[in-house]
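Structural overview
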Amino acid sequence: MLDELLHRVSHYTPRTLETDRRFPEAAVLVPITRSDEPELVLTLRASGLSTHGGEVAFPGGRRDPEDPDLVFTALREAEEEIGLPPGLVEIIGPLSPLISKHGLKVTPYVGVIPDFVEYRANDAEIAAVFNVPLEFFRQDPREHTHRIDYQGRSWYVPSYRFGDFKIWGLTAIMIVELVNLLYDAGISLRHPPKNSVTL
């Protein structure tokens, strides 16, 4: 079943993002566990960080000048942040790039990992590593919706609550694209649900 879903990712053509080449690049890994009930692996960033402190994110970060490509960036950052060995990751393909509020062009890469990995969080960057079943997001159990106005358009981004963790912003946009691709979930970022708040 998981391989059938991942086949969709490997044959997917992400949206392109025409941006000024001066935008610095970043990459994140979107890790999915290889199991009967696949889960996403997410991190809670340490509260003292200068960007996105205290927020939920996928492991990843800015591309270093010596990184040969963005896949390397995503794998390097995942190893630095949560101790995930690159050799355990099977990269399936990219999702659509996004621009962060700090002016980074972020490209997500979906990767499959074993479900028995012991993570070692880098305490300087990561406060927690946790898993969320993909099925949870498929049901779109949003707590509320943020309206984000960007380049003359409005986006209606879900905010999810899983245990003590709030999953929103760029991370939620990536998750919506993924579950729409895997499950034809039909979650819209273009149209407001009944309740939305403006950021």
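Refer to the preceding data block for the structure.
Heads up: these notes are all about the structure in this document. Owing to the predicted nature of the structure, the values given are computational and were not obtained by experimental measurement. (Residues numbered from 1 in each chain as written. Predicted model: local features only at pLDDT ≥ 70, side-chain atom pairs only at ≥ 80, totals over all residues. Heavy atoms only, no water.)

1. Re the overall build of the chain
Across its full length, the chain carries four helices and twelve strands. Radius of gyration (C-alpha) of the chain: 16 Å, near the 16 Å computed for a compact globule of 199 residues. When the backbone C-alpha atoms are referred to their principal axes, the chain occupies close to 45 × 40 × 35 Å. Looking at the 199 residues of the chain, the share that counts as buried comes to 46%. By sequence separation, contacts in the chain at least 24 residues apart represent 65% of the contacts at least 6 residues apart. Of the roughly 10400 Å² of accessible surface on the chain, a fraction of 49% belongs to carbon and sulfur atoms. When the 20 basic and 29 acidic side-chain charges of the chain are each reduced to a single mean position, those positions are 10 Å apart. (Helix = DSSP H or I, 4+ residues; strand = E, 2+ residues; numbered from the N terminus. Rg over C-alpha atoms; globule rule 2.2 N^0.38 Å. Buried < 20%, exposed > 50% of the residue type's maximum accessible area, 1.4 Å probe, protein only. Contact = heavy atoms within 4.5 Å. Areas by Shrake-Rupley, 256 points an atom, 1.4 Å probe, with all protein chains shown as cover. Lys, Arg positive; Asp, Glu negative; His and termini not counted. Charge placed at Lys NZ, Arg CZ, Asp CG, Glu CD.)

2. Some thoughts on the pattern of salt bridges
Opposite charge on two side chains permits them to pair, given that their charged atoms come into close proximity. Across all of its chains, the model carries 13 salt bridges by this definition. Here R45 makes a salt bridge to E81, at a shortest N to O gap of 4.0 Å. Of the two residues, R45 is situated in strand β2 (residues 39-45) and E81 in helix α2 (residues 70-82); the sequence distance between them amounts to 36 residues. A salt bridge links E80 to R76, with the nearest nitrogen and oxygen atoms 3.2 Å apart. In this pair, E80 and R76 are both assigned in helix α2, four residues apart and thus about one turn of the helix distant. It is possible to trace a salt-bridge network through shared partners that takes in D64, D67, R76, E77 and E80. (Salt bridge = Lys/Arg side-chain N within 4 Å of Asp/Glu carboxyl O.)

3. Regarding the packing of helix α1 (residues 2-10) against helix α4 (residues 169-183)
A pair of packed helices is captured by two measures, namely the crossing angle of their axes and the spacing between those axes. Their axes nearest at 8 Å, the elements α1 and α4 cross at an angle of 115°. With respect to the hand of their crossing, α1 and α4 are arranged in right-handed fashion. In this structure, α1 uses L5, L6, R8 and V9 to contact α4, whose residues at the interface are L178, L181, L182 and Y183. In terms of residue class, the contact of α1 with α4 is made up of seven nonpolar, no polar and one charged. (Axes fitted to C-alpha atoms, helices over the stretch in contact; angles between N-to-C directions. Left-handed = near helix turned anticlockwise from the far one by under 90°. Nonpolar A, V, L, I, M, F, W, Y, C, P; charged D, E, K, R; others polar.)

4. Here's the deal with the nonpolar core
Grouped together as the largest cluster of nonpolar side chains are 41 residues, with contacts concentrated most on L40, F137, I167 and L178. At ten residues, α4 tops the list of elements feeding residues into this core. (Core = buried A, V, L, I, M, F, W, Y, C linked by side-chain atoms within 4.5 Å.)

5. A closer look at the packing of aromatic side chains
Using the criterion set out here, one finds five aromatic pairs in the structure. Judged by centre distance (3.7 Å) and plane angle (0°), the rings of F130 and F165 are stacked. In this pair, F130 sits in strand β8 (residues 126-133) while F165 sits in strand β11 (residues 165-167), placing the two residues 35 residues apart along the sequence. Residue class for F165 comes out buried when judged on its relative accessible area of 18%. Ring geometry for F137 against Y160: centres 5.2 Å apart, planes inclined by 75°, an arrangement best described as edge-to-face. In this pair, F137 is assigned in helix α3 (residues 134-138) and Y160 in strand β10 (residues 153-162), connecting sequence segments 23 residues apart. The pair formed by F137 and Y160 is uniform in burial state, with each residue classed as buried. (Phe/Tyr/Trp six-rings, centres within 6.5 Å; stacked < 30°, edge-to-face > 60°.)

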